[in-house]
Each structure stands twice: as C-alpha cells, then as structure tokens.
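# Examining the three-dimensional arrangement
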Amino acid sequence: MSNRKNVDPLYFGSGDDDQDEDEFIIFSQTIKPKESKTKIKMFAELMVPKFTEKEFKSHFRLNRGSVEVLISYIGPILALESIKINIEKQILIFIWYMANCETYRQIANRFNVAESTSHKIVNNCLVALNSVAAKIIVWPSGQAAIDNLNKFNLLRGDNSFPNVFGCIDGCHINTLFPWEKRKKMPKLDRNMFCNRKQVSTIVLQGIVDANHKFIDVFAGWPGRTHDARVYRCSSIGQVIINDPWSILPPSCHILGDGAYPLTEGLMVPYKDNGHLTRKENNFNRALSSTRILIEQAFGKLICRFRKLKHMDIYKKDFCGKIITAVCCLHNICMSMNDDFINYDPIPSEATIEENEEEIIGGMTKRDFLCNSLHINEYL
C-alpha cells in the first residue's frame, strides 16, 4: 500500500498545512479594501439650481431655456438607456463635457459619478443628438426659405449681395494625431490629418443662413483634404453642382471663397491678380461682407464650446459625432436667442490654394451680378 497522500488536483500547497495557513494569512493581510474616491457631493442637485442665469451660462455656455429644449429632443431617447441617473443630470454632464476642456475623471469627480458612467453618459448623449440632428439642422423651405432670402437682402442695405440663400466655408478643428499603438483602432495615415499649418485637424464644412444657424454640416474628413474636395464629396455639394434648383429658389445661390468651384448655385469672388476692375472689386467686397456670416458662426461655435479648441480624441469617427452634436447645440441656442457675444470670427484658411474649376454658366451669372451691383462711392 502506497504511503502517498491523496492530493486534490486543485490544491496548490506544498503539503505542509501549517506553512500554507501562514502564507494565506500573510497574503490576505496584503489585500487592502478598495478606497472610495473623494468627490464633490450634490453639485448638480444643490449648487447648480442656485446659479444665477449669468453664472449658469458662464459654466455651461448655454442658458436654461436652451437646456430645456435639448432635454425635449434627446430626453425620451436617454430614458430608454439603463443608466439610473435622472435625465437632467445626464444632460448637464454632457453639456459640461462640450463646454469645458475636462477629462472624464474630472467630470466624474464634479458630478459624483464613476468615470465609466461619465463616459457612457457622454457617448449616449452624442448618439442621441446625432440621431435627431436632421430635425435641428434643417435646410430652409417654404416660408422659412423666403424669410431667409429677405433677411440676406436686407443685411447690408443697398450694398447687400442679391439672392443669397446661405454661406459656405470649411473650418479646421484641432485634434490629436492617430495613435498607431492600439490594435483595436484602424490604422490611419498620420499625414492625412496634418493640414498646411502642420497641425492635426478634422474638417468641418458648414452652410449657415442669415441667422447664423447651420442649415447643413459635413464633418469628419482629415485636415489635409482641400475644401473643394470635401465639398464635391459631400451630399449637398453633389446636389448644388448637378441639380441646384432642386434645393435653391430660382436665381439664388450660396456664397463661398476662392477655394470652391464657381457654378450657378455657388458664387465665389474674382481672383485678385492685381488687375481687377472697379466693378469686380465692388463685387468681391459685397460678397465678402455677406459671406462673413459663416466665419462669425464658426467663431461663436468654437468660443462657446471649448471642446472644439482641442479634441483630445484618438478615435477619429468619434470626432465627427462631436462636431455634428456641437452644431446641433449651436442651432438650439440661436433658436432661443441664446447668443454668444465674446467671440472672434474664424477666417477662411483657403488663401493659398484656389480652385481652378469654373463653369461657364457660373461665370456668366457672376458677370451679370457684377454689373448689376450698386457701387458704394465711399469705398
């Protein structure tokens, strides 16, 4: 009969029960209970309701009326999620993320939630807001289109550019270069995101109406892409190039800078070769004085929502969602007369590369407008 003891296959001890017990006691003493993190208590529940309107807007960059409209749009969608936090607090967390340059850890500390919860709330709100973007960013039609045209025609009095329906431009949003070390993310060429200023950016193409509201946005292309290519690849660009009168009233057009192709639906300035006539210079001034609305809109957008000053995000498809969501928030604010005064217009960056494509119909229309514009004697 063998003297060997029956050994449990799941037993990892050495056979000496006393020694194993000592090792277990020592090991158990090294395990420390999870420490609770110190966080701000009741910030959203007690402190925020006590804010004055001025204090609330200085922190969240929106007034309370705009927040209520946002709740009406995405509140029902968020109610279907599994997060056991009231909808108002979730939306305040989301707005704080957009309005301030803070990490998920800082947001979690301020609103007394877990870091993973703050990330999930922001992601859910982004998805919800992008799903209703078509209701917020709307191309004018019917009476809204007529009102928009009338406001553009009255914008500069006698010097207003005629028959303007919108203004288009591209804006570069700073972001991080793609991170190639993580295997879960698709590998991207870092040079694609490097614009002509050697900065990693994402392109936002926007069209605004006479009220600084976005009526179309197209975001997510790498910063190295020229504005004209982004325009041609966008759905709105394809329509304006191929069938402009399906979305534009007769004889109307949108205004762009020299980076865009000249067509009947898109007016751009004459190229200044140093030999422009007085009428051509007058045309360029009138066009620029109206087209500045898109630069003003970009200025309001970036100065209000600080997240756009630098998106510290490696996941590039996430950047497009953030930009679209911010444009939706901007439109909600403008609809509620929740304007943002302290901003600087974002000038167009298409000053070096200009588009050579000019369609004969666009050239004829531009010459006709040039000859019909009122010339300001004081300029």
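Cut-off values and rules
Residues numbered from 1 in each chain as written. Predicted model: local features only at pLDDT ≥ 70, side-chain atom pairs only at ≥ 80, totals over all residues. Heavy atoms only, no water. UniProt positions renumbered as here; feature names shortened; annotations may be inferred. Salt bridge = Lys/Arg side-chain N within 4 Å of Asp/Glu carboxyl O. Helix = DSSP H or I, 4+ residues; strand = E, 2+ residues; numbered from the N terminus. Buried < 20%, exposed > 50% of the residue type's maximum accessible area, 1.4 Å probe, protein only. Axes fitted to C-alpha atoms, helices over the stretch in contact; angles between N-to-C directions. Parallel < 35°, antiparallel > 145°, perpendicular 65-115°, else oblique. Contact = heavy atoms within 4.5 Å. Phe/Tyr/Trp six-rings, centres within 6.5 Å; stacked < 30°, edge-to-face > 60°. Lys NZ or Arg CZ within 6 Å of the ring centre and 35° of its normal. Expected span 1.5 Å × (residues − 1). Bend = angle between axes of the 7 residues up to and from the residue.

An unreviewed UniProt entry annotates the chain as Protein ANTAGONIST OF LIKE HETEROCHROMATIN PROTEIN 1-like of Sipha flava. The record in UniProt for the chain states the following under Subcellular location (unreviewed entry): "Nucleus". The UniProt entry for the chain carries this comment under Cofactor (unreviewed entry): "a divalent metal cation".

## Focus: the pattern of salt bridges
The full count for this structure, using the stated rule, is 9 salt bridges. A salt bridge links Glu295 to Arg291, with the nearest nitrogen and oxygen atoms 2.7 Å apart. Here Arg291 and Glu295 lie together in helix α12 (residues 278-304), a separation of 4 residues that amounts to about one turn. Each member of the pair Glu295 and Arg291 is classed as buried. When the shortest N-O distance is used, the salt bridge between Lys307 and Asp312 registers 3.0 Å. Salt bridges here are not isolated pairs; linked through shared partners, they connect Lys57, Arg304 and Asp338.

## Observations regarding the packing of α12 against helix α13 (residues 316-335)
Contact pair α12 / α13: the axes reach a minimum separation of 10 Å and the direction vectors enclose 105°. With respect to α13, the element α12 is oriented roughly perpendicular. In this structure, α12 contributes Ala297, Lys300, Leu301 and Arg304 to the contact, and α13 contributes Val326, Cys327, His330 and Cys333.

## A word on the packing of aromatic side chains
Enumeration according to the criterion identifies 13 aromatic pairs in this entry. Pairing Tyr231 with Tyr260 gives two aromatic rings, centres 5.5 Å apart and planes at 85°, and the pair type is edge-to-face. Of this pair, Tyr231 sits in helix α10 (residues 227-233) while Tyr260 sits in the loop between β4 (253-255) and β5 (266-267); the two residues are 29 residues apart in sequence, bridging distant segments of the chain. Relative to Phe283, the ring of Tyr270 has its centre 5.2 Å away and its plane inclined at 70°; by these criteria the two rings are edge-to-face. Residue Tyr270 is located in the loop between β5 and α12, and its partner Phe283 is located in helix α12; the two are separated by 13 residues in the primary sequence. You can call Tyr270 buried: its relative accessible area is 11%. Owing to a relative accessible area of 0%, Phe283 belongs among the buried residues under this scheme. Sitting above the plane of the Phe43 ring, Arg110 keeps its charged end 5.3 Å from the centroid. Directly above the ring of Tyr270 sits Arg366, whose terminal nitrogen or CZ lies 4.2 Å from the centroid.

## Comments concerning the environment of Cys303
For Cys303, the location among the structural elements is in helix α12. Here the alpha-carbon distance between Cys303 and Ala99, two residues 204 residues apart in the chain, equals 9.1 Å.

## Looking at α12
Over its 27 residues, α12 runs 39 Å from end to end, which matches the ideal 39 Å to within 8%, given 1.5 Å per residue. Within α12, the axis deviates most sharply at Thr290, by approximately 30°.

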